[in-house]
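# Structural overview
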Amino acid sequence: MQQDLLKTHVDECSLGLHDCSPQQVCINTVGSFICECNQANLTSINNKCVVDNGGINMYCYLMDSVQICECEKGFEIKSSSNSLQICEDIDECKSNPCPANSICKNLNGSFTCECLAGFIGSRATDHFECLDLDECSSSCLNTCDAEYGLCINQPGSYECQCKQGLYGNGRQNGCFDINECLSNQTKCHSNSKCLNTIGSYECRCEDGFYNTGMDCEEIN
Ligand SMILES: [Ca+2]
Ligand SMILES: [Ca+2]
């Protein structure tokens, strides 16, 4: 009982038995104490005095009665000429921090690098990089005709071509056979018939002729 009575009379503030920060003042209460910021426009957050200056993204605190304001990471002081200091987002993209084949996107308080179309992000090495996507490695990644087309990988893209002897754009169902037999470009012997095939043509000796390997000769 006597101890409890004694406690109510202890002035923790004057005896230094408080844990208020230097930016705060200790106010003795009955049985305890409170820490309050020593300026009217300051409020105590996490034992730190933060000024309500409208300057979002800023910490202000008092150090030896001097107000120190610091911007949070990703922000910088816009103007310190007047009493109202404002922390503005740093546009990190101005210093080109992103790797090749990516674009920088500035964000509030940070930034991000986004790979361009046709490239994929990789953290295989100690830094982020955007590597070419090999669209030809899987039929799911390209629209080249699987049967008659050819996929040619290129940095950031790919190309489709038709296999030899076919024409078209190489995309799905986009390759067409050239009927060489309809043109006069075939080198079939006069005693042979032109036979169109997908992507090529054959010369077949007419009935009564045999293939010598060079041309067709009459069977005796
Ligand atoms: Ca930013
Ligand atoms: Ca590619």
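Predicted model, so just to flag it, every value in this text is computed and none were measured.

### Observations concerning the coordination of the calcium ion (ligand 1)
- For the calcium ion (ligand 1), every protein donor is listed as Asp-89 (OD), Asp-89 (OD), Ile-90 (O), Glu-92 (OE), Asn-106 (OD1), Leu-107 (O) and Ser-110 (O), and the spread of their distances is 2.2 to 2.9 Å.
- By relative accessible area, Ile-90 is classed as partly exposed at 25%.
- According to the relative accessible area criterion, Leu-107 is partly exposed, its value standing at 40%.

### Describing the pattern of salt bridges
- Counting across every chain of the model gives two salt bridges.
- Taking the shortest distance from any N to any O, the salt bridge between Lys-105 and Glu-114 comes out at 3.1 Å.
- When its relative accessible area of 32% is taken as the criterion, Glu-114 is described as partly exposed.
- Among the ionic pairs, Arg-204 bridges to Glu-202, the shortest N-O distance being 3.3 Å.

### A few points about the UniProt feature "domain: EGF-like" (unreviewed entry) in the protein chain
- The UniProt record annotates "domain: EGF-like" (unreviewed entry) at residues 89–125, 132–172 and 177–217.
- As annotated, residues 89–125 comprises 0% helix and 46% strand, and the C-alpha atoms at either end are separated by 29 Å.

### Comments concerning the state of the cysteines
- In the structure shown here, the tally under the stated rule is 12 disulfides.
- Two residues share a disulfide in this structure: Cys-20 and Cys-35, whose sulfurs sit 1.9 Å from each other. Looking along the S-S bond of the Cys-20-Cys-35 disulfide, the torsion reads about -90°, which is the left-handed sense. In this pair, Cys-20 sits in the loop between helix 2 (12–15) and strand 1 (24–29) while Cys-35 sits in strand 2 (residues 32–37), placing the two residues 15 residues apart along the sequence.
- Look at Cys-35 and you get partly exposed, because its relative accessible area is 23%.

Each value, and the rule that gives it
- Residues numbered from 1 in each chain as written.
- Chains lettered and ligands numbered in written order.
- Predicted model: local features only at pLDDT ≥ 70, side-chain atom pairs only at ≥ 80, totals over all residues.
- Heavy atoms only, no water.
- Donors = N, O, S within 2.8 Å, 3.2 Å for Na, K, Ca; no water.
- Buried < 20%, exposed > 50% of the residue type's maximum accessible area, 1.4 Å probe, protein only.
- Salt bridge = Lys/Arg side-chain N within 4 Å of Asp/Glu carboxyl O.
- UniProt positions renumbered as here; feature names shortened; annotations may be inferred.
- Helix = DSSP H or I, 4+ residues; strand = E, 2+ residues; numbered from the N terminus.
- Disulfide = S-S within 2.5 Å.

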